[in-house]
Amino acid sequence: MSSFVKDRLEAVRASIERAAAANGREAANITLIAVSKTIPAATIEEALVAGHRVFGENRVQEAKAKWPELKARYPEIELHLIGPLQTNKVRDALSLVDAIHSLDRESLASMLAKEIARAPRKPKLFVEINTGNEASKAGVAPAEADRFIETCRERHGLLISGLMCIPPLGEPAGPHFTLLAKIAERNSLPLLSMGMSADYEEAIAHGATHIRVGTAIFGARGRSSSSEGEPSIERKGA
Ligand SMILES: *Cc1c(COP(=O)(O)O)cnc(C)c1O
């Protein structure tokens, strides 16, 4: 059976294949994270029925409301937290998610280390880099990145898997992807979370291993049914 989401998922998968082939890469090495923030469970289920299993949410609260029930019915779901994480939500996040893309400060590294030690599952961790040095945006400044990664590893004993960035709006994304790949390489980090609906093909050309795609799969995000409307992707964690 065809559906809006299924058709769009197939189109995105096809362009991932094309971008991978054009860059001498295997599409199998690129994880498509379907970003389902503000998307209701019934629509998410269209993607599940179409066989997709990897999803991204940007708020722990919203993930808690939507995902336990879906996970009960589709146990192989892999959930990624791609938005800011407050230290007092770390325990909740660890009970639900398989990867955290927003490690960006030492207080969070410290809390993660403490909670991961007693958690049943170890999430993949990505350090978020503020490649554009934007005051409004979360993430570690590029100049601080090497030191921060070392602090996470040495002082907090965290296993860091990769880096994540959200390039500034209205700027070409390429140089930001290049910078992220460079920081990852010199720190021996294998994973790169970069590329969204507008630029995932370019991110693949720059080595993305995880692309975070919402609109191209689910359509434009409307207002959520909660009174808050759509959360900004740029909000800093507290
Ligand atoms: C919302 C969001 C995305 C997806 O954005 P689209 O343009 O809808 O693909 C990717 N990454 C983060 C961090 C987001 O918050």
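Definitions and cut-offs
Residues numbered from 1 in each chain as written. Predicted model: local features only at pLDDT ≥ 70, side-chain atom pairs only at ≥ 80, totals over all residues. Heavy atoms only, no water. Pairing = 2+ DSSP bridges. Helix = DSSP H or I, 4+ residues; strand = E, 2+ residues; numbered from the N terminus. Right-handed = clockwise from strand over helix to strand, strands pointing away. Core = buried A, V, L, I, M, F, W, Y, C linked by side-chain atoms within 4.5 Å. Buried < 20%, exposed > 50% of the residue type's maximum accessible area, 1.4 Å probe, protein only. Contact = heavy atoms within 4.5 Å. Axes fitted to C-alpha atoms, helices over the stretch in contact; angles between N-to-C directions. Left-handed = near helix turned anticlockwise from the far one by under 90°. Nonpolar A, V, L, I, M, F, W, Y, C, P; charged D, E, K, R; others polar. Phe/Tyr/Trp six-rings, centres within 6.5 Å; stacked < 30°, edge-to-face > 60°.

By the bridge criterion, four bridges tie strand 2 (residues 54-57) to strand 3 (residues 78-81) in an arrangement that is parallel. Bridge pairing links Gly56 to His80 in strand 3. Handedness of the crossover is the feature at issue here: the chain leaves strand 2, passes through helix 3 (residues 60-73), returns alongside strand 3, and the resulting connection is right-handed. As paired strands, strand 3 and strand 4 (residues 99-103) are joined by two bridges and run parallel to one another. Counted as the bridge partner of His80 is Ala99 from strand 4. One crossover worth recording links strand 3 to the parallel strand 4 by way of helix 4 (residues 90-96), and it is right-handed.

So, about the nonpolar core. Among the nonpolar cores identified, the biggest contains 67 residues, and Leu103, Leu112 and Leu158 are the most heavily contacted of them. Looking at this core element by element, the count peaks at six residues for helix 1 (residues 4-22). Aside from chain neighbours lying at most four places away, what touches Leu158 is Leu103, Ala109, Leu112, Ala113, Ile116, Leu125, Cys152 and Arg153. By size, the runner-up hydrophobic cluster in this structure holds five residues, among which are Ala99, Phe126, Met164 and Ile166.

Think of two packed helices as two axes; the pair is described by the angle between the axes and how far apart they sit. Contact geometry of helix 2 (residues 41-49) with helix 3 gives a least axis separation of 11 Å together with a crossing angle of 35°. With respect to the hand of their crossing, helix 2 and helix 3 are arranged in right-handed fashion. On helix 3, the residues that touch Ala41, Ile44, Glu45 and Leu48 of helix 2 are Lys66, Trp67, Leu70 and Arg73. For the contact of helix 2 with helix 3, a count of residues per class yields five nonpolar, no polar and three charged.

Turning our eyes to something else, we now look at unusual backbone geometry. Positive phi, normally seen in glycine, also occurs at Thr38, with a value near 70°. Mapped onto the elements, Thr38 comes out in the loop between strand 1 (31-35) and helix 2. With a phi close to 50°, Asn133 is a non-glycine residue in the positive phi region. You can see Asn133 is positioned in the loop between strand 5 (124-128) and helix 6 (145-155). A relative accessible area of 53% means that Asn133 is categorised as exposed.

Counting across every chain of the model gives one aromatic pair. Where Phe55 meets Trp67, the ring centres are 4.9 Å apart and the plane angle is 45°; that geometry is what we call tilted. Of the two residues, Phe55 is situated in strand 2 and Trp67 in helix 3; the sequence distance between them amounts to 12 residues. Judged by its relative accessible area of 0%, Phe55 falls in the buried class. Trp67 gets classed as buried once you look at its relative accessible area, which sits at 0%.

One can find Ile166 in the loop between strand 6 (162-164) and helix 7 (174-186). Overall, the relative accessible area of 9% leaves Ile166 in the buried class. Once the C-alpha coordinates of Ile166 and Ala216 are considered, the two residues, 50 residues apart in sequence, prove to be 17 Å apart.

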